[in-house]
Amino acid sequence: MAWRDGKASGKRLLLFMASIVLGIAAVVSIQSFSENLKENIALQSKALMGADYLIDSNQPANERVQQLMDSLGGADAMEVKFASMAAFSKNNATKLVQVRGVKGNFPFYGELETQPSEAASQYQNSEGALVDATVMLQFNLKPGDSVKLGTTTFPIIGSLITAPGSTGISTSVAPPVVVPFRFMEPSGLLEKGSRLTYNYYFEAPEADLEALDETVDPQLDNQNADLDTHTATSQRLGRRYDNVGRFLNLVAFIALLLGCVGIASSVHIYIKEKLKAVAVLKCLGATRKQTFFIFLIQIAGMGLIGGLIGTLVGLVLQQPFPFILQEFLPFEVQISTSYQAVFIGLLLGITMSVLFALIPLINTWFVSPLQVLRVQENSNKKGNVPKLVVVAAIITFVFLFALWLLSNYKYAIGFVLVIWCTFAILSGVALGFMRLVKRFFPKSWSFTSRQSLLNLFRPNNQTVVLILAIGIGTFLISTLYFTKDFLLAKATLESNAKSPNIIMFDVQTDQKQALANTIVPKGLDVLDNIPIVTMRLQKIKDRSVNEIRLDTTTSINKWILSHEFRVTYRDSLIGSEQLVEGDFNRPIAPNRPVPISLSDNVARDAQVKLGDTLLFNVQGMLMETTVGSIRAVDWGRMQLNFSVVFPTGVLEKAPQFHVLTTNAPDKATSAELQKEVVSKFPNVSILDLRQILTIIEGILDKISWVISFMAFFSILTGIIVLIGSVRNSKYQRIRESVLLRTLGAKSKQILRITALEYLYLGVLGSGIGILLSLVSSQLLANFVFETPFVPSWIPFGIVLPGITLLVLFIGLSNSSSVLNSPPLQVLRKEGK
């Protein structure tokens, strides 16, 4: 019976199925790509690092570290990495790059991919450089040209396409340049105070990496060094991409929920028309169970087929993902079929379809055989309790799915609450609008305008579900634009001459005056001259850092124990800081600990409060300090911020380097200044904040494109729900159209009535979606990003009219057959 009835209602069931196909396709594509990403990271973990494990430090290996490395068989290769300015003599250009001075046959796994390919094996003997391929294109460089690093000029042997240890985003700011290690010392770039990283690579395929991590790493921590295995590095990288995948999965899951809401609404109309047939079946002896399962089998079959189609679409859809995200991925992703994603797609198709269809399906259980003779408009109240049980099951399933995605019950509860609130607000506004129209009906309006309003609350209306579909899609897209705008505004440089946009760091003490004398003659001011001293924590309160490291029960954040702090000293707060508690200018008492100021995140992670003591190792000398104040620091501001700030009069004689800043009014002035500084001070690195801002904008554009793509699934789902809603209420519309024509209405009038109805729905749905996104963006700006929020005009000027016109077009195109239906179709009850 389910098969026979399904064949007769084939077109309608296909629309039910289409409501969930896109949502499942979105979930499966993201889930499958995430699984492929994990597998590729695991398979290529050695190639990503280039070795089995490495030992890294901010200084050359001391005697103890060297002993530990010798006990492991000795390092098979090593490199020193640091940021520096590169000068290209071909066009007198300069660029901040990441210099990688390599010694030995590195990498052991993977490869240095170069053009020409033989350059990877020749650069060591040829005493040349491999320059990032993007930089080569940017400055029109070719093999045979030269690059100057510090005081040494290297011939360019080839362009560097990929290299182990270089990630996509970091290389956007400082692209890599690989040179032989033996030229680093003569270049003058390994100055004291420069931010260097020494990596010692080991090839040991048979090594027990977990045992090394447990036994050797704690000993290295005591020497300000660290051991990293290829497995641990790949796990960190996997978690980073996994978080993005989870977020996109939630966006896709919202599209699926939207489709399920469309299913529930469509099945409600479908079952309502079948109630008399159910009553007839019961008169013929069919049981409640039989009549219920006839339609349950139909819906489950629809869900299975929809899940299958959605899964296949999702697997196809993931194919272009590696090309879209290639700039964010440090390796090439090989796409394969994820059986877990296939299982999830099929499970979601059946489960979500059945769960959301159960509420209207329950009505068949309580149909009386006498309903063949009676006209019952009101639903049976006996079904209220089962419906509440079904609602609870839906909420539980959504929570469990969110929990599986997020692996955090608090986030899962938050997701369910946010979705419930958003759906409730949109539904409440739709119902409230209909009640307002009823209560304050504009009787003085023209006939077509009045009739279009009446259509919003006619029997079998789809006002609520359409506003939900339109509103959710608009909400996602608008929130994206608003969030992107205030993130860019947060990073945007102020346009006044007192805001630095050129930062020069690694300036040695004996260079700062000469560098200032280079800046001032160009008509530029030295805005900041910031001293920086490096130090590490020796004790927190009364416990040594080494003791805390060995304490497996401690909740002090591990990074605090091994971090090399770069601190400054001054007597006032800056614009990005706000005093939370304490006294920033607390006086220094003789023979007493030095009062310092900590950022709130350091105080939290180190678990210290006002008055607690910290013992710092300042490059060999111990200094006892006390927490005198705690600051809230806006790390998103485009300026230099510090975790630890000392008072003046303490660190002036300590070994230090300086950071100088200025404001270059245009690109030409900036380029001229950079060229002169690089030629006079090869060790000084320069950051042009305008270039950094361009990179940030590019990254945000790519991220917003991906999220917009996912939000578009919600819009497409809404369109399908709209098409389904129009077709499911088609007979009702035909009947209304014929009655109106019988009363003398013309086709143009009926067309105008339909157009106005969908215009109201489009404006109302997209308008509410934008207003909700305004609220959510304001909350994000205030509580998450702590930045002022100025709304973008794009959602109001493009999204709202665009979606409204789309709704209007879909509604009119689907209603064309209604306008052309003859009166006899209603009289014969042959509505299709």
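Coordinates for the structure precede this section.
The model shown is predicted, which means the values in this text are computed figures rather than measured ones. Residue indices begin from 1 for each chain and proceed along its sequence in written order. Reporting in this predicted model follows two pLDDT cut-offs: at least 70 for local features of residues, and 80 or more for side-chain atom pairs to be given and counted; totals over whole chains, interfaces and linings ignore these cut-offs and use all residues. As a rule here, side-chain values cover all heavy atoms of the structure and leave hydrogens and water aside.

Q: When you look at the packing of helix H17 (residues 512-519) against helix H21 (residues 667-680) in this model, what are you seeing that I'm missing?
A: Helix-helix packing is described using two parameters, namely the angle between the two axes and the distance between the axes. Two elements in contact, H17 and H21, have axes separated by 10 Å at closest approach and are oriented at 150°. As the angle between them shows, H17 and H21 are arranged roughly antiparallel. Our pair here, H17 against H21, has a crossing hand that is right-handed. Here H17 contributes Leu 515, Thr 518 and Ile 519 to the contact with H21, which in turn contributes Leu 673, Glu 676, Val 677 and Lys 680. Nonpolar residues are Ala, Val, Leu, Ile, Met, Phe, Trp, Tyr, Cys and Pro. Charged residues are Asp, Glu, Lys and Arg, and all others, Gly as well, are polar. Tallied by class, residues from the contact of H17 with H21 come to four nonpolar, one polar and two charged. Working convention: axes come from line fits to C-alpha atoms, limited for helices to the stretch in contact. Angles between N-to-C directions cover 0 to 180 degrees. A run of H or I in DSSP becomes a helix once it reaches four residues, and a run of E becomes a strand once it reaches two; helices and strands are each numbered from the N terminus. Should an angle fall under 35 degrees it is called roughly parallel, over 145 degrees roughly antiparallel, and 65 to 115 degrees roughly perpendicular, with every other angle called oblique. It is the rotation of the near helix from the far one that decides the hand of a crossing: anticlockwise by less than a right angle makes it left-handed, clockwise makes it right-handed. Only heavy atoms matter for contacts: two residues are in contact if any of them lie within 4.5 Å across the pair.

Q: Hey, could you run me through the packing of aromatic side chains in this one?
A: Each aromatic ring pair is summarised here by two numbers: the centre-to-centre distance and the angle between the ring planes. Pairs were defined over the aromatic rings of Phe, Tyr and Trp, the Trp ring being its six-membered one, requiring ring centres within 6.5 Å. Orientation was assigned from the angle between planes: stacked under 30 degrees, edge-to-face over 60, tilted for the rest. All chains considered together, the criterion is met by twelve aromatic pairs. On the numbers, 4.1 Å between centres and 25° between planes, the contact of Phe 106 with Tyr 201 is stacked. One end of the pair, Phe 106, is in the loop between strand E3 (93-104) and strand E4 (113-115); the other, Tyr 201, is in strand E9 (residues 197-202), with 95 residues separating them in the sequence. Ring centres of Phe 292 and Phe 293 lie 5.8 Å apart, and the angle between their planes is 90°; on these two criteria the pair is classed as edge-to-face. Taken together, the ring pairs connect Trp 559, Phe 565, Phe 616 and Phe 646 into an aromatic cluster.

Q: How do you make sense of the nonpolar core when you look at a structure like this?
A: Side chains that are nonpolar tend, in soluble globular proteins, to be buried together. Remark: nonpolar core denotes a set of buried residues (Ala, Val, Leu, Ile, Met, Phe, Trp, Tyr, Cys) joined through side-chain atoms within 4.5 Å. In this scheme, a residue with accessible area under 20% of its type's maximum is buried, one over 50% is exposed, and one in between is partly exposed, where area comes from a 1.4 Å probe on protein chains only. Membership of the largest hydrophobic core comes to 84 residues, with the highest contact counts inside it found for Phe 253, Leu 348 and Met 352. The leading source of residues in this core is helix H9 (residues 230-283), at 17 residues. Among the nonpolar cores identified, the runner-up in size contains 39 residues, and Ile 55, Val 147, Ile 156 and Ala 225 belong to it.

Q: Mind showing me how you'd approach the packing of helix H13 (residues 384-406) against helix H14 (residues 409-439) here?
A: It is at 8 Å that the axes of H13 and H14 come closest, and there the two elements cross at 135°. Here H13 is positioned oblique relative to H14, judged by the angle of their axes. Helix-helix and strand crossings are classified by hand; for H13 and H14 the assignment is right-handed. Contacts between H13 and H14 involve Ile 395, Val 398, Phe 399, Ala 402, Leu 403 and Leu 406 from the first element and Tyr 409, Tyr 411, Ala 412, Ile 413, Phe 415 and Val 416 from the second.

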